[in-house]
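If you want the building blocks of each chain, they are given just below.
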Amino acid sequence: MRAADEHWMRHALVLAERAEAAGEVPVGAVLVKDGALLAEGWNQPIGRHDPTAHAEIMALRAGGEALGNYRLVGTTLYVTLEPCSMCVGAMVHARVGRLVFGAPDPKTGATGGAIALLQSPIHNHRIGVTGGVLEAECAERLRAFFRNRRQAGQGEQAG
């Protein structure tokens, strides 16, 4: 595992903490270009009343603003949880070069967890994928969040 991948995933975990502090599912995302931070995001769908405000989408939006272009060629997106189909679709349209994620998502993950959307031959853009970077830390943050929600009787509010 590359040291840079671990470095940026740790940054994404800090952003996941920000999401959790706001009552959101703790997912963080970091967009990197040429080894430098371009943009970041964390889950915000509850607070923004926006089902598309996933960490990945927030980072992609901020990256587009920073570059002045919706094409994010040559970027790497680090995210603490395997992206869903919406986020994978946005990454393909943005031409993200590489995806690095922490914990797999067997229920909604679109890079092989639930479906293998990125591996589909119909896409005209290929994204390199590395999964399992700091997987244990990423997965435990999510497990603890949902365990605490269940114990507090708030399981239906976050998800």
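It should be noted that the structure appears before, not after, this text.
Residues numbered from 1 in each chain as written. Predicted model: local features only at pLDDT ≥ 70, side-chain atom pairs only at ≥ 80, totals over all residues. Heavy atoms only, no water.

A. Focus on the environment of Ala16. Summarising the element assignment, Ala16 is placed in helix H1 (residues 3-21). Residues Ala16 and Thr80, 64 residues apart in the sequence, show an inter-C-alpha distance of 7.6 Å. Not counting residues up to four positions away in its chain, the partners in contact with Ala16 are Pro26, Val27, Gly28, Thr80 and Arg141. (Helix = DSSP H or I, 4+ residues; strand = E, 2+ residues; numbered from the N terminus. Contact = heavy atoms within 4.5 Å.)

B. Broad picture of the sheet that holds strand S2 (residues 36-42). If you trace the 5 strands from one edge of the open sheet to the other, you get S2-S1-S3-S4-S5, paired in mixed fashion. Across the chains shown, the open sheet's two edge strands, defined by having one partner strand only, are S2 and strand S5 (128-130). Across the sheet, the mean angle separating the axes of adjacent strands is 20° when strand polarity is ignored. Pairing geometry for strand S4 (residues 98-103) and S5, over 3 bridges, is parallel. Bridge assignment links Leu99 to a residue of S5, and that residue is Val129. (Pairing = 2+ DSSP bridges. Axes fitted to C-alpha atoms, helices over the stretch in contact; angles between N-to-C directions.)

C. View of the nonpolar core. Formed by 40 residues in total, the largest nonpolar core has its most connected members in Met9, Leu77, Met91 and Leu99. Residue assignment for this core shows that the elements contributing at least two residues are H1, strand S1 (28-33), S2, helix H3 (55-67), strand S3 (75-81), helix H4 (85-94), S4 and helix H5 (135-152). If you tally residues by element for this core, the top one is H1, at 6 residues. Setting aside chain neighbours within four positions, we find Met91 in contact with Leu60, Leu77, Pro83, Val96, Leu99 and Ile127. (Core = buried A, V, L, I, M, F, W, Y, C linked by side-chain atoms within 4.5 Å. Buried < 20%, exposed > 50% of the residue type's maximum accessible area, 1.4 Å probe, protein only.)

D. Local environment of H3. Between the first and last C-alpha of H3 there are 18 Å, a value that for 13 residues agrees with the 18 Å anticipated at 1.5 Å per step. Those residues of H3 that fall on the buried side of the exposure criterion are Ala55, Glu56, Ile57, Met58, Ala59, Leu60, Gly63 and Gly64. Contacts made by the buried residues of H3 are with S1, S2, helix H2 (45-48), S3 and H4. Where H3 ends, the next residue or the one after it, Gly68, has phi of about 70°, a positive value. (Expected span 1.5 Å × (residues − 1).)

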